[in-house]
Structures are given as structure tokens and as C-alpha cells.
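Overview (structure and organization)
Here is how the chains run, residue by residue.
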Amino acid sequence: MSLESYMNQIGQQARAASRLLAKASTKQKNMALFAMADALENARPRLISENAKDMENGRVKGLDSALLDRLLLDDARIDGMIEGLKQVATLPDPIGEISDMVYLPSGIQRGQMRVPLGVIGIIYESRPNVTIDAASLCLKSGNATILRGGSEAFYSNQAIAEAVTAGVIAAGLPEHAVQVLNTTDREAVGMLISMPEFVDVIVPRGGKGLIERISKDARVPVIKHLDGNCHVYIDNEADLEKAFAIAMNAKTRRYGVCNAMESLLVHSAIVEAVLPKLMIALQEKGVSLVGCDQARVISSTIEAASEEDWYTEYLAPKLSIKVVSDMEEAIAHINKYGSHHTDAIVSQNYSKTRSFMTEVDSSSVMVNASTSFADGFEYGFGAEIGISTDKIHARGPVGLLGLTSQKYVVLGDGHTRDN
């Protein structure tokens, strides 16, 4: 079979499955999730052995240690995948929920019903556990899904796909509810994002290059974020102990994640009270610092920040620091240089925090909390399909609700319109 014929078959199967999933009961979908968890448990030896092939291939290809770590499937990560399936099963099912039902002067009732998007294509790199996150959230929200993992995780993803399909069939749901592409041909990606007759939404998860390519070439809507240039602003009315803990956690918990702090903004009135201690602690953790002229007065060991630094998502132990005259300057800086992902304020002043929440144009805004919390699991979604910085129906970590839409429903009793 040619690649084009294969992709058309996959699309047709997904569209047919989506019609059946849209009317599946909550009980049936939860049964499938628990059956998938059982299948993963039973397939544990196979998952580890297939992952070993990917790990060996990765080492031969020279993948760095960070990529190999993302690729690894061990018992702890399989446990996490199984637990994730069970958690998604316990989440409320949004499908069929009717809200905002009101009587109108004509006598009809009008409301909105939550419905699946249909078929979701997901393109991702490295991490095999994304296969389970995506499958579980799409299935629970009544969507069929087509998954295209990275070639470096091919054997792992195929083994996971077998367990997913076994669980779906055991619950009496359509076999093609979740399909993992069995090809590493890069042209398959181009075809997947160009099939509006079969695919309703594309979600890319990976590096900036991948996401830019998908966004540029896709012929179907894309849920995405390109950068995670996140900020923490420490106000002159901040609790300094809280500020220290939040800044350290936001930057040093993990460097290569999209919710890590990349720029620190500090009110000029508290520079001497905040920066010396923070700079020392960050440098002891191996973080390289660049900053504005006022920040460099505090320490001669930091380099001057360039204009490009303020825009940069480092994904590394590096941080830019800027001293601002007030909160308004901090907000202006964030809205100019930020990526609309996640930004935080540390302040005990309620009015300021309310203004910050209102005026910062980001998908998640934190008050007295680390940017590290911008994550579907931490938001109580069980898992996330990705993070959206677009201003569409889904913004921020995308869980079950983000994979649904709403349609208007009207209830009458023989009502007709006179004019």
C-alpha cells in the first residue's frame, strides 16, 4: 500500500470511529481506560524490551542524555502511565453537558451542549508516555485520535499502541478510536496536517522547529505554543521569603520545560533586599545570569543582557534579570517580550495582584506561586494534551474541556416563528 493510500485509510477509519465515540457512554469510555491500564500492566515486559531497542538506537544515533532520559520507559514511568489512565477515568465526563439553558420571550429554551471536536491529530517527539496521555484524554472527551510519535520512540509507541487497542476493543469501542501511525516516513506528517476531510484539529508537541512547520503548513486548525518565555515579577510589597522560594523553584526545578522562569523582574525599591541572595543561590545551582545595568551593579559576575535575551526561552540554566520602576513597567515588559505562556507576580497587595491578572496577556497568570504549576496534571486535568498560547477556545494547559466544543440546542413544544 502506498503512503497516500495508507494515510487515507487511517483518516477514514478515524472519522468513522469518531461518530461512534461521540455517542459512547461515560461508563463505556471509563471501562476502556481501565482496560488500557490492565493491558499496559500485562505488557510491561514487552514495553521495556521494545523501549530498549529505541534506547540502543538513540545511543547509536548520538542522542544527548536529556533526550535519552525523555525516551526511557522503566517501571516507574509505566506505573505513571497506568496511574494517569486511572485518574482520567475518574474525571467528570464533559460530553453531553448542557449549560446556560434559558427561556426566551418566544417561549423556546436555548442552551449549549458540550460535544467532541471529532478527530484530533497529535504529532510529538521523544516521550512515549505522551501516547497514553493523548489517547486517554481524547477517548474520554469522545474524540478519535491519530498519533504520530517521533521516529526515535517508534518501537515503544507501537508496543503502547497494542495495549491501547486491546483496551478499546475490550470495552466494545471502535478498534480505530486510537491509531498510532506505523511509519516513520516524514511525509506522513505533511499528509496528516493536510486532511481536513478527516482531521478536525492538529496538536503538535515538540521543539519550536516542529511547531513552526506544522503551524505554517497545516490546512486544519492547530492548538499550539511556540515558546515558554515565562516571567516572575517580585513587587516591592512582596513577602521576601516567598519570593525567594518561588523564584528558585520556577527556575531550578527543571530547566528544559516550557513553564520554567526565563526572566526575573524585580521592583527597584527592593533590589538590595532581593537580588544579592537570589543571585548567589542561582549561581550556586549553576545558573548563568545576564541582566540590565541596575542588576549588574549588584554583582560584577553577571553579563549584560542583550535585547535578544529578553525574548529568549533558554530551556537551560540561564536567566535574564531586569530591575523595573513599578508594576506597570513589569507588565509592559512581559507583554512585549513574553510568549503569552505563564507569568507570575509575588506581592501581598491585593489590588496589584488583581491588576496583574487582568493586564498580563498570558494563558496562565500566577499570584504568589511558581510558574512550574502551569501543567495539566497540576491543574487537576489528570493529564494534558499540550499547552495553548493561542486565543482560541483552548488556552493554557489543554485537558478534557479543551478537546471539546459547544453547540447550541433549542427546546420547544411546537413553537413556530411569526416574523
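Residues numbered from 1 in each chain as written. Predicted model: local features only at pLDDT ≥ 70, side-chain atom pairs only at ≥ 80, totals over all residues. Heavy atoms only, no water.

Remarks on the overall build of the chain
- Regarding its fold elements, the chain presents 15 helices and 16 strands.
- Here the chain has a C-alpha radius of gyration of 24 Å; the compact-globule value for 419 residues is 22 Å, and the two agree.
- Over its C-alpha atoms, taken along the principal directions, the chain stretches across nearly 70 × 70 × 35 Å.
- Within the chain, contacts between residues at least 6 apart in sequence are counted, and of these 72% link residues at least 24 apart.
- Charge separation in the chain, taken as the distance between the mean sites of 41 positive and 52 negative side-chain charges, equals 4 Å. (Helix = DSSP H or I, 4+ residues; strand = E, 2+ residues; numbered from the N terminus. Rg over C-alpha atoms; globule rule 2.2 N^0.38 Å. Contact = heavy atoms within 4.5 Å. Lys, Arg positive; Asp, Glu negative; His and termini not counted. Charge placed at Lys NZ, Arg CZ, Asp CG, Glu CD.)

So, the sheet that holds strand E16 (residues 404–411)
- The three strands lie next to each other as E1-E2-E16, forming an open sheet whose pairing is antiparallel. Looking at the sheet topology across the chains shown, the edges are occupied by strand E1 (98–103) and E16. For this sheet, the mean inter-axis angle between neighbouring strands, taken without regard to orientation, is 20°.
- As paired strands, E1 and strand E2 (residues 109–116) are joined by four bridges and run antiparallel to one another. Residue pairing across strands places Ile98 opposite Met113, the latter belonging to E2. (Pairing = 2+ DSSP bridges. Axes fitted to C-alpha atoms, helices over the stretch in contact; angles between N-to-C directions.)

Structural notes on the UniProt feature "domain: Aldehyde dehydrogenase" (unreviewed entry) in the chain
- Taking the numbering used here, the UniProt-annotated feature "domain: Aldehyde dehydrogenase" (unreviewed entry) corresponds to residues 8–283.
- The span residues 8–283 is 52% helix and 16% strand, and its two end C-alpha atoms sit 54 Å from each other. (UniProt positions renumbered as here; feature names shortened; annotations may be inferred.)

Here's the deal with the domain arrangement of the chain
- Here the chain is described as being made up of domain 1 (3–223 + 395–410) and domain 2 (230–373).
- Spacing between the C-alpha centres of domain 1 and domain 2 amounts to 35 Å.
- The partner domain 2 presents five residues to the four residues of domain 1 that form the contact.
- For the domain 1 and domain 2 pair, buried surface summed over both sides reaches about 320 Å², with 35% attributable to carbon and sulfur atoms.
- Among the residues domain 1 hides against domain 2, the three largest losses belong to Arg70, Arg395 and Gly396. Together they make up 87% of the total.
- If you look at where domain 1 meets domain 2, you find one salt bridge.
- On the surface where domain 1 and domain 2 come into contact, there are two residue pairs in polar contact (both at pLDDT 80 or more).
- Broken down by class, the residue content of the side of domain 1 that touches domain 2 amounts to one nonpolar, one polar and two charged. (Domains from an automatic or database assignment. Buried area = accessible area lost by both parts, 1.4 Å probe. Salt bridge = Lys/Arg side-chain N within 4 Å of Asp/Glu carboxyl O. Polar contact = N/O pair within 3.5 Å; in protein donor to acceptor, adjacent residues only side chain to side chain. Nonpolar A, V, L, I, M, F, W, Y, C, P; charged D, E, K, R; others polar.)

Points about the packing of aromatic side chains
- Across all of its chains, the model carries four aromatic pairs by this definition.
- Ring centres of Tyr233 and Phe356 lie 6.5 Å apart, and the angle between their planes is 15°; on these two criteria the pair is classed as stacked. Here Tyr233 is found in strand E7 (residues 230–234), whereas its partner Phe356 is found in helix H15 (residues 350–359), with 123 residues between them in sequence. When sorted by exposure, Tyr233 lands in the same class as Phe356, which is buried. (Phe/Tyr/Trp six-rings, centres within 6.5 Å; stacked < 30°, edge-to-face > 60°. Buried < 20%, exposed > 50% of the residue type's maximum accessible area, 1.4 Å probe, protein only.)

A short note on the sheet that holds strand E6 (residues 201–205)
- A sheet is described by the order of its strands in space; here four strands give the open sequence E5-E4-E3-E6, paired in parallel fashion. Taken across any chain shown, the strands that pair with only one partner, and hence form the sheet edges, are strand E5 (178–180) and E6. In this sheet, adjacent strand axes meet at a mean angle of 15° when their direction is disregarded.
- Seen against the sheet, helix H7 (residues 154–170) touches strand E3 (119–124) and E5 and runs at an angle of roughly 160° to E5.
- Together, E3 and E6 form the strand contacts of helix H9 (residues 208–217), whose direction differs from that of E6 by roughly 165°.

Remarks on unusual backbone geometry
- Residues other than glycine seldom take positive phi values, yet Leu315 does so here, at roughly 50°.
- Secondary-structure assignment places Leu315 in the loop between helix H13 (307–311) and strand E11 (318–324).
- Phi is positive for Asn368, close to 55°, though the residue is something other than glycine.

Quick notes on the packing of helix H3 (residues 44–61) against helix H5 (residues 75–90)
- One way to put it is that H3 packs onto H5 with a least axis distance of 11 Å and a crossing angle of 125°. Considering the angle they form, H3 stands oblique to H5. Here H3 runs over H5; the crossing is right-handed. The residues of H5 that touch H3, namely those facing Arg44, Leu47 and Ile48, are Asp75, Ile78, Asp79 and Ile82. (Parallel < 35°, antiparallel > 145°, perpendicular 65-115°, else oblique. Left-handed = near helix turned anticlockwise from the far one by under 90°.)

Observations regarding the side chain of Thr389
- Mapped onto the fold, Thr389 is located in the loop between strand E14 (387–388) and strand E15 (396–397).
- The class for Thr389 is buried, based on a relative accessible area of 15%.
- Once residues within four sequence positions are removed from consideration, Thr389 is found in contact with Lys224, His225, Leu226, Ser339, His340, His341, Ser363 and Arg395.

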